[in-house]
Amino acid sequence: MQQTTAVKQHQNRLTSYQGKVVASATAGFGLENMDVMFLSFALSSIIGELHLNGSQAGLISSITNVGMLMGGVIFGMLADRFGRIKTFTYTIFIFAFATAAMFFASNLTTIYICRFFAGIGAGGEYGIGMTILAESFKKKDMGRISSYVGVAGQGGAILAAVLAAFILPQFGWRALFLFGLIPVLITFFVRHHLKESKAFETSKHDGKGQFKALFATRQLTHQTLGLMFMAIVQIAGYFGLMNWLPAIMQKQLGLTIAGSSTWMISTIIGMSAGMLTFGWVLDKLGARLAYGIFLLASAVSVYILTIPTNTMMMLFAGALVGYFANGMFAGYGAVVSHLYPTEVRATANNVIINVGRAVGGFSSVVIGFILDHYNVMAVMIFLSLLYLMSFVVMMSIKNLRRREYLSFNRD
């Protein structure tokens, strides 16, 4: 009897702690995405005030992506070597204060510096948060849990849109970035309620946080490069969907939307539903089948965007494409956490997803080039081919086979 009571108490404590982990990770990623999205809503105001040309304005996002890649590598290695919890809070501090520092930016150079440091913090935060989750839950549940983090990111985008709608007209773009300080509140909660996992405490000291460990063998090299390519395609499709397709469909198909917010909301609803579905499929059927279904569906669904003849059809098409194209995003943290050992788990998460961000972010430039020289159908073919290539690469990764992947889900 006493033993049964002790087991129940242990389970209750574990559930309570897991709830705190989920709250910290989802809040962290949601508010990080809010900070990143502030730039999208403020960019036109910044361009107008500082009289920037297209290249100068575009470089702001590029510098942010470079910062994310650097921050991902640096903080991933630090988290693996010295601990997840403190490193996680440091990344939040950096991207929060760097975002708020935009309030004082009076010239382009200062903006570049602020966005670079914001990128460094944001690039480190995601992978560490996913690692903390992976070491707090049974691996067979990580698809579902990671989907919550992905949905939280979409919630952060909506929050950024709402704040921008109220703040920009009344107080200007600088005041909007002051709300970037909100994530600092998370750090106090994390420091007081989370602790290092037993997996980290007992992991081998040798090899902790070593970048080269991701390429230690031929199979690991193939796996790491393959996942990087999949992440690049994931981000490329996202940027194409969110940045270009509303303008393409309005201009080329003669459709109108009452502001970009309508498109964004419908697409985000589709993305969030896709993430929740993908997480369930990942846990139940394995990574290969989950990614196979969603990648092939994405390759086909992009053509649906050429069909709509009215606004409602366009919103539905955007939600459907978002469901498949971005539903896969949340799964990367779960898959990478399965495939790499504790000693390099945070490094692997951060390096793989931030290479995707840094390289995939240039898809907007490629799509712009295609539109200048070809047509809308050429853009759809480009995106479709990317998803098909990602499917081929995914099928070549040995440890994503159903048997090998599910073997990670025994504990």
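Each chain has its residues counted from 1, following the order in which its sequence is written. In view of the model being predicted, local features appear only for residues whose pLDDT reaches at least 70, and side-chain atom pairs are presented and counted only at 80 or more, with totals across whole chains, interfaces and linings using the full set of residues. The basis for every side-chain value is the complete set of non-hydrogen atoms in the structure, without hydrogens or water.

With that out of the way, let us pick up the overall build of the chain. The secondary structure content of the chain amounts to 17 helices and 0 strands. Counting only residues that meet the buried cut, the chain has 55% of its 411 residues in that class. For the chain, the proportion of contacts with a sequence separation of at least 24, taken over those separated by at least 6, is 84%. For the purposes of this entry, the term helix denotes a DSSP run of H or I that reaches at least four residues, the term strand denotes a run of E that reaches at least two, and both are numbered from the N terminus. Exposure classes here rest on a 1.4 Å probe applied to the protein chains alone. A residue is buried below 20% of its type maximum, exposed above 50%, and partly exposed in between. For this analysis, residues touch if any pair of their heavy atoms sits within 4.5 Å.

Axis definition: a line fit to C-alpha positions, over the contact stretch in the case of helices; interaxial angles, taken between N-to-C directions, run 0 to 180 degrees. Taken N-terminus to C-terminus, the directions of helix α2 (residues 54-82) and helix α14 (residues 345-360) make an angle of 175°; their axes are 7 Å apart at the nearest point. Comparing their axes, α14 and α2 come out roughly antiparallel. Taking contact as the criterion, the partners of Asn 65, Met 68, Leu 69, Gly 72, Val 73, Phe 75, Gly 76, Met 77, Ala 79 and Asp 80 in α2 are, on α14, Arg 345, Ala 346, Thr 347, Asn 350, Val 351, Asn 354, Val 355, Arg 357 and Ala 358. Any residue outside Ala, Val, Leu, Ile, Met, Phe, Trp, Tyr, Cys, Pro, Asp, Glu, Lys and Arg is labelled polar, Gly included; the first ten of those are nonpolar and the last four are charged. The residue inventory of the contact of α2 with α14, partitioned by class, reads 10 nonpolar, 6 polar and 3 charged. The scheme is simple: roughly parallel for angles under 35 degrees, roughly antiparallel for over 145, roughly perpendicular for 65 to 115, oblique for anything else.

With respect to the helices, strands and loops of the structure, Thr 99 is situated in helix α3 (residues 84-100). On the accessibility criterion, Thr 99 (1% relative accessible area) is buried. As used in this structure description, the phrase polar contact means that two N or O atoms lie within 3.5 Å; if the pair is within protein, one of them must be able to donate a hydrogen and the other to accept it, and residues adjacent in sequence are counted only when both atoms belong to side chains. Looking at Thr 99, its side chain comes within polar contact range of the side chain of Asp 35, at 3.4 Å. Ignoring any residue separated from it by four or fewer positions in sequence, one finds Thr 99 in contact with Asp 35, Phe 38, Arg 115, Ala 118, Phe 177 and Gly 180.

Let us look at the nonpolar core. Among buried residues, those of type Ala, Val, Leu, Ile, Met, Phe, Trp, Tyr and Cys that are joined through side-chain atoms within 4.5 Å constitute a nonpolar core. By size, the foremost hydrophobic cluster in this structure holds 111 residues, and its most contacted members are Ile 46, Leu 133, Trp 173, Leu 227, Tyr 291 and Tyr 340. Discounting chain neighbours no more than four positions away, the residues touching Tyr 291 are Met 230, Phe 278, Met 328, Gly 331, Tyr 332, Val 335 and Met 394.

Here we take up the packing of aromatic side chains. Ring geometry is summarised as follows: Phe, Tyr and Trp rings, the Trp one being its six-membered ring, pair when their centres sit within 6.5 Å, and such pairs are stacked at plane angles under 30 degrees, edge-to-face over 60 and tilted between the two. The full count for this structure, using the stated rule, is 15 aromatic pairs. Consider the rings of Phe 116 and Phe 117, whose centres lie 5.6 Å apart with planes at 80°: the pair is edge-to-face. What makes Phe 116 partly exposed here is its relative accessible area of 22%. For Phe 117, a relative accessible area of 42% translates into the label partly exposed. Ring centres 5.5 Å apart and planes at 65° place the aromatic pair Phe 294 and Phe 324 in the edge-to-face group.

Before going further, it helps to examine helix α15 (residues 363-373). Within α15 the residues assigned to the buried category are Ser 363, Ser 364, Ile 367, Gly 368 and Ile 370. Buried residues in α15, looked at end-on, bunch into an arc of 160°, giving them a common side. Among the exposed residues of α15, those pointing more than 90 degrees away from its buried face are Val 365, Asp 372 and His 373. Summarising the geometry, the arc corresponds to the directions from the helix axis toward the C-beta atoms.

With that out of the way, let us pick up unusual backbone geometry. One non-glycine residue with positive phi stands out, namely His 51, at about 55°. Looking at the secondary structure, you find His 51 in the loop between α1 (2-50) and α2.

So, on to a nonpolar patch on the surface. Excluding any residue in a salt bridge, patches collect residues exceeding 30% relative accessible area, merging like charges within 9 Å and nonpolar Val, Leu, Ile, Met, Phe, Trp and Tyr side chains within 5 Å. Reported accessibility uses the Shrake-Rupley method at a 1.4 Å probe radius. Residues are deemed covered only where the shown protein chains occlude them. The working definition used for a salt bridge is a side-chain nitrogen of Lys or Arg within 4 Å of a carboxyl oxygen of Asp or Glu. A grouping of Leu 296, Tyr 303, Met 377, Ile 381, Leu 385, Leu 388 and Met 389 is seen on the molecular surface, where their side chains present a nonpolar patch of about 580 Å² in accessible area. Checked against the element boundaries, Leu 296 lands in helix α11 (residues 287-301). Looking at Leu 296, the relative accessible area reads 38%, which means it is partly exposed.

Considering the arrangement of structural elements, one finds Met 395 in helix α16 (residues 376-396). With relative accessibility at 35%, the residue Met 395 sits in the partly exposed group.

To continue, consider helix α4 (residues 108-134). Over its 27 residues, α4 runs 40 Å from end to end, which matches the ideal 39 Å to within 8%, given 1.5 Å per residue. Along α4, 22 of the 27 residues are buried, which leaves the element largely enclosed by surrounding structure. Backbone nitrogen of Thr 109 and a side-chain oxygen of the N-cap are separated by 3.2 Å at the start of α4; the cap is Asn 107. Expected span, for any helix, means 1.5 Å times one less than how many residues it has.

Another aspect to go through is the confidence of the model for the chain. Confidence scores labelled pLDDT are given residue by residue by the predictor and lie between 0 and 100. Across the chain, pLDDT averages 85, with 88% of residues at or above 70. The element-level mean pLDDT for the chain is lowest in helix α17 (residues 402-407), coming to 56, with α11 highest at 95. Note that pLDDT drops below 50 for residues 5-14; the model gives that stretch 0 contacts with residues more than four away or on any other chain.

Moving on, we come to the pattern of salt bridges. On inspection of all chains with the given rule, the structure shows 7 salt bridges. We note a salt bridge from Asp 141 to Lys 140, for which the minimum N-O separation is 3.6 Å. A relative accessible area of 18% means that Asp 141 is categorised as buried. Bridged by salt links that share partners, the residues Asp 80, Arg 84, Glu 135 and Arg 345 form one connected network.

This part covers the packing of α4 against helix α13 (residues 331-339). Contact geometry for α4 and α13: axes closest at 9 Å, N-to-C directions at 65°. Where α4 crosses over α13, the two elements pack in a sense that is right-handed. In this structure, α4 contributes Tyr 126, Met 130 and Ala 134 to the contact, and α13 contributes Gly 333, Ala 334 and Ser 337. If you view the pair so one helix is near and one far, a crossing is left-handed when the near helix is turned anticlockwise from the far one by less than a right angle, and right-handed when it is turned clockwise.

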